[in-house]
Structure formats: structure tokens, C-alpha cells
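Listed here are the chains, written in short residue letters.
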Amino acid sequence: MDNEMISKMGFMMEQALGSMTSLLAAGFKAQGIDLPHSQYAVLRLLYTCNEPLTQIKIAEILKKDASAIKRTVDILERKGLVERKALNGRTNCVICTDKAFALKDAVTATANETLQMIFCDFTNEELKDFANILNRISESKNG
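Fair warning: this is a prediction, and the values are worked out from it, not measured in the lab. (Residues numbered from 1 in each chain as written. Predicted model: local features only at pLDDT ≥ 70, side-chain atom pairs only at ≥ 80, totals over all residues. Heavy atoms only, no water.)

Caption draft 1: Here's a closer look at helix α3 (residues 55-62). Among all positions in α3, only Gln-55, Ile-58, Ala-59 and Leu-62 are buried. Along the axis of α3, the buried positions cluster into a sector of 100°, meaning they face one direction only. In this structure, the buried residues of α3 make contact with α2 (37-48), α4 (66-78), β1 (82-86) and β2 (92-96). Backbone geometry just downstream of α3 places Lys-63 in the positive-phi region, at approximately 55°. (Buried < 20%, exposed > 50% of the residue type's maximum accessible area, 1.4 Å probe, protein only. Helix = DSSP H or I, 4+ residues; strand = E, 2+ residues; numbered from the N terminus. Arc of directions from axis to C-beta. Contact = heavy atoms within 4.5 Å.)

In C-alpha cells, the structure reads:
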């Protein structure tokens, strides 16, 4: 195992994520959509999930701090893109509003176009390897 390479991995991952989020933000801006990556991540999850999600569940799935998710949901709520609905007496879930669903096609298309642009020079084998590596990192017992 190359310790020097491993010590650079975190920085390289941050750089790659920064590039991806910048390209995504530029794509959204070009479409007139005010949606930073953190807000997009929550909306994308809500768009694709078939069950009501609490803020805590969103934080668990996205592997983010619960207070950061609360702030993101607060912003999305002020924008009229999500609302909190009572799930039971003490628990609220977060759901997309009609306004959010009206943006879904444009948001999804922009995100897909951005990813296509980023990964256009990758072979299918490289994409499979990359997906496997990302899954292993996500499922790490230390993470």
C-alpha cells in the first residue's frame, strides 16, 4: 500500500467533488435555477425516495451532519421547494412541494448533462470500477 498516495486521496477527492459541484452550479445557473449542491442533494433524494423521510433519515442517507441538513431544509422551505408534514405526533417528514416537482425535469436534466460531461471520456469498465470504489468508501466501517 502506497502511504504517500493514500495521504493525498482525501485532498484529491475534495478537489474532484469541488469541480463537480462547480460545474453543477454553473449548469443550474445557466438554467436560472438557484440550487447549490447541498440543496440539490436533498431534493434529488426526495425526488427519488418512495417513502417519507425525516431530516434525521436524510442526514443518515447523505452521510451529513443533522444540523447541516436542518439548515438546508430550512432554506429549501423558504424557497418554497419543500415543506415539513407531520408524520406522527412528534415526527415531521420533509416532502417536495409542487414548485419543486415543477423544477424536477430541469434539475434532473441539468445534473445528468453535467455528469455526462464529466464522465464522457471514461470507459464503461472505468465507470464500473469507479462506482465500486465509491461504494466501498461509502460502506467503510470507519466512515
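Still more to cover.
Caption draft 2: Up close: the nonpolar core. One finds Leu-35, Val-42, Leu-43, Leu-46 and Ile-58 to be the most contacted residues of the largest nonpolar core, which totals 25 residues. Elements represented by at least two residues in this core include exactly α1 (3-30), α2, α3, α4, β2 and α5 (98-119). Broken down by element, the residue count for this core peaks at 7 residues, all from α2. Here Leu-35 is in contact with Phe-28, Tyr-40, Leu-43, Leu-76, Lys-79, Leu-81 and Val-107, once residues within four sequence places are set aside. (Core = buried A, V, L, I, M, F, W, Y, C linked by side-chain atoms within 4.5 Å.)

Caption draft 3: Expanded view of α1. A rise of 1.5 Å per residue sets the reference length of α1, with its 28 residues, at 40 Å; its end C-alpha atoms lie 41 Å apart and thus fit the reference within 8%. Listed as buried for α1 are Leu-24, Gly-27 and Phe-28. Here the buried face of α1 lies against α2 and α5. You can read the cap of α1 off the contacts: a side-chain oxygen lies 3.1 Å from the backbone nitrogen of Glu-4, and it is on Asp-2. Gly-32, located one to two residues past α1, shows a positive phi value of around 75°. (Expected span 1.5 Å × (residues − 1). Polar contact = N/O pair within 3.5 Å; in protein donor to acceptor, adjacent residues only side chain to side chain.)

Caption draft 4: Structural detail: a nonpolar patch on the surface. There is a patch of nonpolar side chains on the surface, built from Met-1, Met-5, Ile-6, Met-9, Met-12, Met-13, Phe-130, Ile-133, Leu-134 and Ile-137 and spanning about 950 Å² of accessible area. Ranked by residues supplied to the nonpolar patch, first place goes to α1 with 5 residues. Of note, Ile-6 is situated in helix α1. Overall, Ile-6 belongs to the partly exposed group, its relative accessible area being 42%. (Patch = residues over 30% accessible without salt bridge, like charges linked within 9 Å, V, L, I, M, F, W, Y side chains within 5 Å. Areas by Shrake-Rupley, 256 points an atom, 1.4 Å probe, with all protein chains shown as cover. Salt bridge = Lys/Arg side-chain N within 4 Å of Asp/Glu carboxyl O.)

Caption draft 5: The pairing of β2, seen in detail. Here β1 runs beside β2; their pairing, made up of 5 bridges, is antiparallel. In the sheet register, Lys-85 faces β2, and the bridge partner there is Cys-93. Joining the antiparallel neighbours β1 and β2 is a turn of 5 residues. (Pairing = 2+ DSSP bridges.)

Caption draft 6: The pattern of salt bridges, seen in detail. Applying the stated rule across the entire model yields 7 salt bridges. The partner of Glu-77 in a salt bridge is Arg-84, with the nearest N and O atoms 2.4 Å apart. Shared partners join several salt bridges into a network, and the residues in it are Lys-70, Asp-74, Glu-77 and Arg-84.

Caption draft 7: Summary view of the packing of aromatic side chains. Evaluation of the coordinates by the stated rule reveals 4 aromatic pairs. Considering the side-chain rings of Tyr-47 and Phe-101, the 6.0 Å spacing of their centres and the 40° angle between planes classify their relative orientation as tilted. One end of the pair, Tyr-47, is in helix α2; the other, Phe-101, is in helix α5, and 54 residues separate them in sequence. Classification of Tyr-47 by relative accessible area gives buried; the value is 10%. (Phe/Tyr/Trp six-rings, centres within 6.5 Å; stacked < 30°, edge-to-face > 60°.)

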